[in-house]
Amino acid sequence: MKYEWKVTGGAAAFLAATGLLYWFTSYENSGTVMLGFSFAAYGMLGGFLLLCWFRRKRIPRPEDNPDATQEDGAGEVAFFPAASIWPAGIGLGAIFCAVALIYGNWYWIIGLPLIIGAVIGFTVEAESGLDQVDELHAEAAKRAAEEHPDGTDGVHESHAEHSERS
Amino acid sequence: MTILHERPAGAEPEFGPGRVEPLTEIIPGPRPHGWVRFITSTDHKQIGLNYMVTAFIGFLTAGLMAEGIRTQLAVPNNHFVTLDTFNQLFTMHGTIMLFVFLGPFAFGLANYIVPLQIGAPDMAFPRFNNLSYWLYLGGFLILLFSFMTNNGAADFGWFGYAPLTESIHSPGPGADMWIIGIALTGFSGIFTAVNTISTIFCLRAPGMVMFRMPIFCWNQMVTMFLVLLAFPVLTSAMAMLWLDRHLNTHFYDPNGGGQPILWQNLFWFFGHPEVYILALPYFGVVTEVIATMSKKPVFGYKGMVAATLSIGGLSMGVWAHHMYTTGAVLLPFFAGMSLLIAVPTGIKFFNWIGTMWRGTITLSTPMLFCIGFLMMFLLGGLTGVILAQPPLDFQLHNTYFVVAHFHYVMFGGSVFVVFASIYYWFPKYTGRMLDERLGKLSFVLLFVGFNLTFFPQHDLGLRGMSRRIATYPDNLGYNFLNLLSSIGAYITGIGVIPTLWNIFRSLRHGKIAGDNPWDGQTLEWATSSPPPEHNFEALPPIRSERPLWDANHPDMLTQAGH
């Protein structure tokens, strides 16, 4: 977050300055409105990143620390599904809805259920994926306990614990 | 079904052949193959390749349309296609080249290369990534199928000025399919932008601070910033146009009190950042290729970053330089901003030449394409400075001079770099090299053909030939230059064939590339070719903007301050 908020905040400041200059030289509505909204978009993003930076008490993340090692980044990074049919389902539904805008409203009957169903599948899949992750962590912990009966391996923590903490 | 990614908690893995510590823990699950993999994969590399292959098919389609346009214009009073078909051809040529080919090809590169260069296991939102590909493909198919409707495809030019686009002037579903197709590709662009920005902000490897990212990643990031500002405006402009056509609103219809100029403002507020969306990622590729092939760090790294950021910023304030002749815009503001953009672009040229200066240059095919880019983009940029000045633009607006200008920027600039990127990263995608001789043949044909096509068009524009005319009488002095231009177009078309054949053949019979065929400097060459699922088995320590070079050449460490 150390540089990110500066880049986005800088973009917002530039857009605000351009918008003001544009308004006071041209008094033209549409361009000023668009520049204003552009400023708002990047202002929000920059402000959010600045808040994150303060919430971290300005301690750099490993990727903001020029001297970080791979060790500093250890631990869970993110959740990455390997393959999923649901995005294609949402996409197909969206295309049917798009065709409905061209040819007639009856395409909604195909498109909307596809989108809704696929969105449900998409969400449920993420949940069940997390369960699977927990199971795997439990197995790994069991294996580690068998191999090193005196202590844990210290790396794996279940997703549940992780999410409780954060 | 799922994968959890972890970084190792042990000692820092030794970088080199003896590495053992795995970077990822992969949960077993179905790993589909073939068509199912194509549809369901959330791997950023698969999606990136999908994007690039689809985009290249778009390039070939729109390229065929261009050959049709040039055949019609080769001789005066020609009747190769009907007048209406001609209008459809140039409209869809522009639309497909911009919305389906150049932009999405860059999104494909962003998908494939950015996570590899910053040491990330995948994009931040892998399933959204997959969804954005389907929206893009749907948009492409809708645009293509519009040729099969009863009135044919859209025929009002790629920027679709109101009120010509209103339902009374352009009836039929062709125009609607144009609106909806573009809106879908627009949504896909927005998703990709969100994804890429989150990836760059949140998934960098430890030690990869922002000011150590390769210039390519910086350029992609600024591009995606622009996408986030420009594409929503386009999509909402399209929605308003759809409302005008179907629900009798009057946003752009002067008969109902609407303002056609509003469409121009909205469209170009998207349209000019779009030009940089199509150019900045390719500037990034050029920077990577030139640095690697010269075996030097990028000259003036921070200057390059500053130039990219200022091009991105300034491009938000120049939209109305497409609208000088409407008489409804503030000329000094837009002329000044447009001329200012020449400054950061000049810095980039200076730094590219500075990177090559006293380097050990390998004239491989990607490097040749990049040098071709430097020459032709410079020409396109200079004619851009000419067109940015209102007095000159009033003379040249809507002539072939403008056509020549933006083809020098988009073809001589971006498309040449598309070819450079194919030759540069094909070993990473497939593990095999492309044939250098075929590549050089392709470069020579494209270079000669391109210049033969578009250089005469400058003169045609100065002689007063306006763009988008379907034919011309034979007494205006246009004949010879048009014939020359058409012959050039055929040579350009032939120039694509060696590359296609090269790709087709090298997939099976190319030389085995190895992990790092070009002695690269950035992290994408630190993994195997093609990279394994979730990319890295071990990362070298990241202590400069070219970590792999430092790991491979400990005697020539990158000095800080470059």
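(A) Seen up close, the overall build of chain B. Helix and strand counts for chain B come out as 15 helices and 1 strand. Since a compact globule built from 562 residues should have a radius of gyration of about 24 Å, the 24 Å found for chain B is in line with a globular shape. Principal-axis analysis of the C-alpha atoms gives chain B an extent of 75 × 50 × 50 Å. The proportion of buried residues among the 562 residues of chain B is 64%. The long-range share in chain B, meaning contacts at least 24 apart out of those at least 6 apart in sequence, stands at 80%. Per element, the accessible surface of chain B, about 19,100 Å² overall, is 69% carbon and sulfur.

(B) Broad picture of empty space enclosed by the protein. Residue and element names in this part refer to chain B. Evaluated as defined, the whole model comprises 3 cavities of 30 Å³ or more. What the largest cavity holds in volume is close to 100 Å³. Every residue lining the largest cavity is listed: Pro214, Ile215, Glu288, Ala291, Thr292, Pro297, Val298, Tyr301, Gln521, Thr522, Glu545 and Arg546. Sort the elements by how many residues they give to the lining of the largest cavity and helix H7 (residues 260-294) lands first, with 3 residues. Grouping the constituent residues of the lining of the largest cavity by class yields 6 nonpolar, 3 polar and 3 charged. Within this model, the second largest cavity holds a volume of roughly 70 Å³. With 5 residues, helix H3 (residues 83-117) is the largest single contributor of residues to the lining of the second largest cavity. Classifying every residue of the lining of the second largest cavity gives 7 nonpolar, 4 polar and 1 charged.

(C) Focus on helix H6 (residues 215-246) of chain B. Residue and element names in this part refer to chain B. Compared with an ideal rise of 1.5 Å per residue, which puts 32 residues at 46 Å, H6 spans 45 Å between its outermost C-alpha atoms and is within 8% of the ideal. A maximum bend of about 30° is found in H6 at Val227. With 26 of its 32 residues buried, H6 lies for the most part within the structure. The positive-phi residue at the C-terminal boundary of H6 is Asn248, with phi of around 60°.

(D) A look at the packing of aromatic side chains. All names here are of chain B. One pass over the full model with this rule turns up 70 aromatic pairs over all chains. When the ring of Phe369 is compared with that of Tyr423, the centres are 5.9 Å apart and the planes differ by 25°; the resulting orientation is stacked. Here the residue Phe369 occupies a position in helix H10 (residues 365-387), and Tyr423 occupies one in helix H12 (residues 400-430), the gap between them amounting to 54 residues. In this pair, the class of Phe369 matches that of Tyr423, namely buried. One cation-aromatic arrangement involves Lys302 over Phe211; the distance from NZ or CZ to the ring centre is 5.4 Å. Taking the ring centre of Phe159 as reference, the NZ or CZ of Arg468 above it sits at 4.5 Å.

(E) Representation of the confidence of the model for chain B. Residue and element names in this part refer to chain B. Averaged over all residues, the pLDDT of chain B is 90; the fraction at 70 or higher stands at 94%. Element-level pLDDT for chain B is lowest in strand E1 (residues 2-7), with a mean of 47, against a maximum mean of 96 in helix H13 (residues 436-462). Under a pLDDT of 50 for its full length, residues 8-23 has, in the predicted model, 36 contacts with residues more than four places off or in other chains. Two numbers describe this predicted complex: its pTM, 0.91, and its ipTM, 0.88.

(F) Local environment of the layout of surface pockets. Residues and elements named next belong to chain B. Estimates place the volume of the second largest pocket at around 990 Å³. Mapped by element, the contributors of at least two residues to the lining of the second largest pocket are helix H1 (34-40), helix H2 (44-73), H3, helix H4 (126-145), H12 and helix H14 (479-509). Per element, the largest residue contribution to the lining of the second largest pocket is 10 residues, and it comes from H2. Across the lining of the second largest pocket, the residue classes tally to 26 nonpolar, 9 polar and 6 charged.

(G) Layout of the nonpolar core. B:Phe101, B:Phe105, B:Leu109 and B:Trp178 are the most contacted members of the largest nonpolar core, which totals 198 residues. Split by domain, this core shows at least three residues from each of two domains, domain 1 (2-65) and domain 2 (86-165) of chain A. Not counting the four nearest positions on each side in its chain, B:Phe105 is found in contact with B:Met52, B:Ala55, B:Phe56, B:Tyr282, B:Val418, B:Ser421 and B:Ile422.

(H) The pattern of salt bridges, seen in detail. Taken as a whole and judged by the stated rule, the model has 9 salt bridges over all chains. A salt bridge links A:Glu63 to A:Arg61; its shortest N-O distance comes to 3.6 Å. As far as burial versus exposure is concerned, A:Glu63 and A:Arg61 are alike and both buried. B:Arg204 is the partner of A:Asp64 in a salt bridge, and the nearest nitrogen-oxygen pair spans 2.9 Å. Of this pair, A:Asp64 sits in the loop between helix H2 (29-55) and strand E1 (75-81) while B:Arg204 sits in the loop between helix H5 (173-202) and H6, which puts the two residues in different chains. On the basis of relative accessibility, which here comes to 1%, the residue A:Asp64 falls in the buried class. Members of the salt-bridge network, linked through shared partners, are A:Glu4, A:Arg61, A:Glu63, A:Asp64 and B:Arg204.

(I) The arrangement of the state of the cysteines in detail. By the definition in use, this model includes 0 disulfides over all chains. Here B:Cys217 stays free of any disulfide, with the sulfur of B:Cys202 as its closest cysteine sulfur at 14 Å.

(J) Geometry of the confidence of the model for chain A. Looking at chain A, pLDDT values average 82 and 83% of them are 70 or higher. Taken as a whole, residues 151-166 of chain A scores under 50 in pLDDT and shows 19 contacts with residues more than four places along the chain or in a different chain.

(K) Representation of unusual backbone geometry in the model. Residue B:Pro163 follows B:Ala162 across a cis peptide bond; omega there is 0°. Following the sequence through the fold, B:Pro163 ends up in the loop between H4 and H5. Cis peptide bonds are those with omega within 30 degrees of zero, and the linkage from B:Ser529 to B:Pro530 qualifies with -15°. If you trace the backbone, B:Pro530 turns up in the loop between H14 and helix H15 (547-552). Not every positive phi belongs to a glycine, and A:Tyr27 is a case in point at roughly 50°. If you trace the backbone, A:Tyr27 turns up in the loop between helix H1 (4-26) and H2. Even without glycine at this site, B:Arg358 takes up a positive phi of about 60°. On the secondary structure map, B:Arg358 appears in the loop between helix H9 (331-356) and H10.

Each value, and the rule that gives it
Residues numbered from 1 in each chain as written. Chains lettered and ligands numbered in written order. Predicted model: local features only at pLDDT ≥ 70, side-chain atom pairs only at ≥ 80, totals over all residues. Heavy atoms only, no water. Helix = DSSP H or I, 4+ residues; strand = E, 2+ residues; numbered from the N terminus. Rg over C-alpha atoms; globule rule 2.2 N^0.38 Å. Buried < 20%, exposed > 50% of the residue type's maximum accessible area, 1.4 Å probe, protein only. Contact = heavy atoms within 4.5 Å. Areas by Shrake-Rupley, 256 points an atom, 1.4 Å probe, with all protein chains shown as cover. 1 Å grid on protein atoms, 1.4 Å probe; cavity = no way out; pocket = protein on both sides within 12 Å on 5 of 7 lines; lining within 4 Å. Points joined across faces, edges and corners; volume = space filled by probe spheres on them. Nonpolar A, V, L, I, M, F, W, Y, C, P; charged D, E, K, R; others polar. Expected span 1.5 Å × (residues − 1). Bend = angle between axes of the 7 residues up to and from the residue. Phe/Tyr/Trp six-rings, centres within 6.5 Å; stacked < 30°, edge-to-face > 60°. Lys NZ or Arg CZ within 6 Å of the ring centre and 35° of its normal. pLDDT = per-residue confidence, 0-100. Core = buried A, V, L, I, M, F, W, Y, C linked by side-chain atoms within 4.5 Å. Domains from an automatic or database assignment. Salt bridge = Lys/Arg side-chain N within 4 Å of Asp/Glu carboxyl O. Disulfide = S-S within 2.5 Å.

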